[in-house]
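Read off the chains here:
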Amino acid sequence: MIPSIGYRIEISGRTAVITGDTDHCDDVVKLAQDCDILICECSMPDDKYVKGHMTPSRAAKTARDAGAKSLLLTHFYPECDEIDVAGVCRKYYDGPIFLAQDLMQLRV
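An account of the accompanying structure is given in this report. (Residues numbered from 1 in each chain as written. Predicted model: local features only at pLDDT ≥ 70, side-chain atom pairs only at ≥ 80, totals over all residues. Heavy atoms only, no water.)

## Some words on the overall build of the protein
Note the cut-off: Secondary structure elements follow DSSP: runs of H or I of four or more residues count as helices, runs of E of two or more count as strands, with numbering from the N terminus. Atoms counted for the radius of gyration: C-alpha only. Globule rule: 2.2 Å times residue count to the power 0.38. Partly exposed describes any residue whose relative accessible area lies between the buried limit of under 20% and the exposed limit of over 50%, with all areas from a 1.4 Å probe on protein chains only and scaled to the type maximum. Contacts are residue-level and defined by heavy atoms, with any inter-residue pair within 4.5 Å sufficient.
Within the protein, the secondary structure is distributed over three helices and five strands. In sequence order, the secondary structure elements of the protein are arranged as β-β-α-β-α-β-α-β. Relative to the 2.2 N^0.38 estimate, which gives 13 Å for 108 residues, the radius of gyration of the protein is 13 Å and therefore close to what a compact globule would have. Its C-alpha atoms give the protein principal-axis dimensions of roughly 40 × 30 × 25 Å. Taken over 108 residues, the protein has a buried fraction of 39%. When contacts within the protein are restricted to residue pairs at least 6 apart in sequence, long-range pairs at least 24 apart make up 58% of them.

What follows is the structure, given as structure tokens:
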């Protein structure tokens, strides 16, 4: 597996975790443990999984396993336009789910 870099940013008691291209794994779950928001790449639908990239269910399981308080999905390939990304995530994660858009702003 090719290494990937993720970031955990803690400011004033709030925590944001940002993944790069990655997959569901213990290291990402540990990095995102109890974060306020997990900003996670979600490149492809589940049925078009590519190793080293998240799908909606893999991202949702990562957020669930980490105890993330909210999930922001980003880095969508055009194939994701054909599915209900948040709906797929709901099968595994029950916290707030956001789908990134250009110039989007969220308060953490």
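## What to know about the pattern of salt bridges
The condition that has to hold: Every case where a carboxyl oxygen of Asp or Glu lies within 4 Å of a side-chain nitrogen of Lys or Arg is listed as a salt bridge.
Under the criterion given, the structure shown has five salt bridges. Note that D36 is salt-bridged to R14, the shortest N-O span being 3.4 Å. With D36 in the loop between helix 1 (26–31) and strand 3 (37–41) and R14 in strand 2 (residues 14–18), this residue pair connects regions lying 22 residues apart in the sequence. The class for R14 is partly exposed, based on a relative accessible area of 41%. Residues participating in the shared-partner salt-bridge network are R14, D36 and K69.

## A few points about the sheet that holds strand 4 (residues 71–74)
Under the convention used in this document: Each pair of strands is called paired provided DSSP finds at least two bridges between the two strands. Note on definitions: angles span 0 to 180 degrees between N-to-C directions of axes, and those axes are lines fitted to C-alpha atoms, for helices only across the stretch in contact.
The strand order across the open sheet built from five strands is 1-2-3-4-5, with neighbouring strands paired in mixed fashion. The strands lining the two open edges of the sheet, one partner per strand, are strand 1 (7–11) and strand 5 (97–99). Going across the sheet, the axis of each strand differs from the next one's by a mean of 15 degrees, ignoring polarity. Relative to strand 4, strand 3 runs parallel, the two sharing four bridges. Within strand 4, the position partnered with L38 by the bridge is L71. Helix 2 (residues 56–66) contacts strand 3 and strand 4 of the sheet and is inclined by roughly 155 degrees relative to strand 4.

## Some details on unusual backbone geometry
The phi dihedral of S12 is positive, around 50 degrees, even though this residue is not glycine. Relative to the elements of secondary structure, S12 occurs in the loop between strand 1 and strand 2. Given the relative accessible area of 73%, S12 is considered exposed. At H75, a residue that is not glycine, the phi angle is positive and equals roughly 65 degrees. Here H75 shows up in the loop between strand 4 and helix 3 (85–90).

## So, helix 2
Of all the positions in helix 2, only P56, S57, A59, A60, T62, A63 and A66 are classed as buried. Those residues of helix 2 hidden inside the fold are in contact with helix 1, strand 3, strand 4 and helix 3. Looking one or two residues beyond helix 2, the residue adopting positive phi is G67, at roughly 75 degrees.

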